[in-house]
Amino acid sequence: MKIVLASRNQKKINELRTLLSKEGLDIDILSLDDIGYYGDIEENGNSFEENAIIKASVPASLGYIGIADDSGLCVDALDGAPGIYSARFAGEPCNDSENNRKLLAMLGNLPAEKRGASFVCTIAAVAPNGNRITVRGECRGRILTELHGKAGFGYDPLFFYDNFGKTFAELSQEEKNRVSHRAVAIKKFSTEFKHFLENNQ
């Protein structure tokens, strides 16, 4: 069976292929380019779930089962911002340094107990017949007052994970893969997607 990850990111495609093969699923995972879709997908939803469904619906409209994810940072003191706008928080073009600078400025001198935040990842699958599933993974932490660590990307140097006593940018890849919002979402997805396929082949 062929399914399409609504992405051009080969790393994501390989990750999904590895995950689903562990579930015993014989699946060929294609990218948007592989099916001849070269346009940009407008993510105009109002939630991570809506944006993931919008992206996954593109391959579904072309006759494939589509998969997509959407993720970001939700800060308690900012009423969930930057949320779905995480990548472009400081404006276009996307710039991690500017995003982090804006976040720090908005939080100002708030004490640690008021700097709670969650990384969120939602994964959606949509079938050509319109059937769909979504799963959501979250990881709780807090935002520091300065950057720590060189690994990772985005808000990782500011996101402190108390259980490990480090920021996401200080975690090893193995540590991050155990606890991250994406890891949590993928674990849920691998279970639900197997049932989804059984009902939509």
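Structure shown above.
Residues numbered from 1 in each chain as written. Predicted model: local features only at pLDDT ≥ 70, side-chain atom pairs only at ≥ 80, totals over all residues. Heavy atoms only, no water.

Read from one edge to the other, the open sheet built from seven strands follows the order β2-β1-β3-β4-β5-β6-β7, with strand pairing classed as mixed. One side of each edge strand has no neighbouring strand; the edge strands of this open sheet are β2 (28-30) and β7 (166-167). Bridge analysis of strand β1 (residues 2-5) against β2 gives three bridges, and the strand direction is parallel. Its bridge partner being in β2, lysine 2 is matched across the sheet by aspartate 28. (Pairing = 2+ DSSP bridges. Helix = DSSP H or I, 4+ residues; strand = E, 2+ residues; numbered from the N terminus.)

Turning next to the nonpolar core. Ranked by internal contacts, the top residues of the largest apolar core, which has 23 residues, are Leu20, Ile67, Phe189 and Phe193. Those elements that provide at least two residues to this core are β1, α1 (10-22), β3 (65-75), β4 (116-126), β5 (132-143) and α5 (181-199). By residue number, the principal contributor to this core is α5, which donates six residues. For phenylalanine 193, the residues in contact, after removing those within four places along its chain, are Ile3, Leu20, Leu25, Ile27, Ile65, Ile67, Ala125 and Ile133. Within the second largest apolar cluster, 18 residues are counted, among which are Leu103, Leu107, Ala117 and Tyr161. (Core = buried A, V, L, I, M, F, W, Y, C linked by side-chain atoms within 4.5 Å. Buried < 20%, exposed > 50% of the residue type's maximum accessible area, 1.4 Å probe, protein only. Contact = heavy atoms within 4.5 Å.)

Compared with an ideal rise of 1.5 Å per residue, which puts 13 residues at 18 Å, α1 spans 19 Å between its outermost C-alpha atoms and is within 8% of the ideal. Where α1 is concerned, the buried positions are Ile13, Leu16, Leu19 and Leu20. Buried residues of α1, seen end-on, are gathered within an arc of 130° and therefore sit on one face of the element. Every exposed residue of α1 that faces more than 90 degrees away from the buried side is listed here: Lys11 and Lys22. Packing partners of the buried residues in α1 comprise β1, β2, β3 and α5. Here α1 starts with a cap whose side-chain oxygen sits 3.1 Å from the backbone nitrogen of lysine 12, and that cap is asparagine 9. (Expected span 1.5 Å × (residues − 1). Arc of directions from axis to C-beta. Polar contact = N/O pair within 3.5 Å; in protein donor to acceptor, adjacent residues only side chain to side chain.)

Quick look at the packing of aromatic side chains now. All told, the structure shown has seven aromatic pairs when counted by the stated rule. Judged by centre distance (5.3 Å) and plane angle (80°), the ring pair of tyrosine 161 and phenylalanine 164 falls under edge-to-face. Three or more aromatic residues joined by ring pairs form one cluster here, namely Phe119, Phe159, Tyr161, Phe164 and Phe168. For the cation-ring pair, lysine 102 lies above phenylalanine 89, with the distance from its terminal atom to the ring centre recorded as 4.5 Å. (Phe/Tyr/Trp six-rings, centres within 6.5 Å; stacked < 30°, edge-to-face > 60°. Lys NZ or Arg CZ within 6 Å of the ring centre and 35° of its normal.)

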